[in-house]
Amino acid sequence: MDAIARHIVNILVEKFAMDDDITPATDFSRLELDSLVMLELSVIIEREYGPRIPEDELLEAGSVNGIVALISAGAPAA
């Protein structure tokens, strides 16, 4: 599992009390995430990884893997 994906899964499990059996591929519709969770997750991602990704885009990403793709796309070129 990618380190960023593992970190985001850990955030969902520890901070937002999601089931600990979720994986980076778990569909967000199964988790019943509300807008407040997505807003807080957006702030955490911006603080830790740099790009600002609005909560609606995080939800549309559909899974942690989708969020990792958004983070990678928003990261500055090396």
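Above: the structure in question.
Residues numbered from 1 in each chain as written. Predicted model: local features only at pLDDT ≥ 70, side-chain atom pairs only at ≥ 80, totals over all residues. Heavy atoms only, no water.

Here we come to the packing of helix H1 (residues 3-14) against helix H5 (residues 64-74). At a minimum axis separation of 9 Å, H1 and H5 run at an interaxial angle of 125°. Regarding the angle of H1 to H5, the classification is oblique. In this structure, the crossing between H1 and H5 has a hand that is right-handed. Together, Ile 4, Ala 5, Ile 8, Val 9 and Leu 12 of H1 and Val 64, Asn 65, Ile 67, Val 68 and Ile 71 of H5 make up the contact between the two elements. Looking at the contact of H1 with H5, its residues break down into nine nonpolar, one polar and no charged. (Axes fitted to C-alpha atoms, helices over the stretch in contact; angles between N-to-C directions. Helix = DSSP H or I, 4+ residues; strand = E, 2+ residues; numbered from the N terminus. Parallel < 35°, antiparallel > 145°, perpendicular 65-115°, else oblique. Left-handed = near helix turned anticlockwise from the far one by under 90°. Contact = heavy atoms within 4.5 Å. Nonpolar A, V, L, I, M, F, W, Y, C, P; charged D, E, K, R; others polar.)

Here we take up the packing of H1 against helix H3 (residues 35-49). Two measures define how a pair of helices packs: the angle their axes make with one another and the distance between the axes. Viewed as axis vectors pointing N to C, H1 and H3 meet at an angle of 140°, and their least axial separation amounts to 12 Å. Crossing of H1 against H3: the hand is right-handed. In this structure, H1 contributes Ile 4, His 7, Ile 8, Ile 11 and Leu 12 to the contact, and H3 contributes Leu 41, Ile 44, Ile 45, Glu 48 and Tyr 49. Across the contact of H1 with H3, the residue classes tally to eight nonpolar, one polar and one charged.

Distances and angles like these do not, on their own, reveal function.
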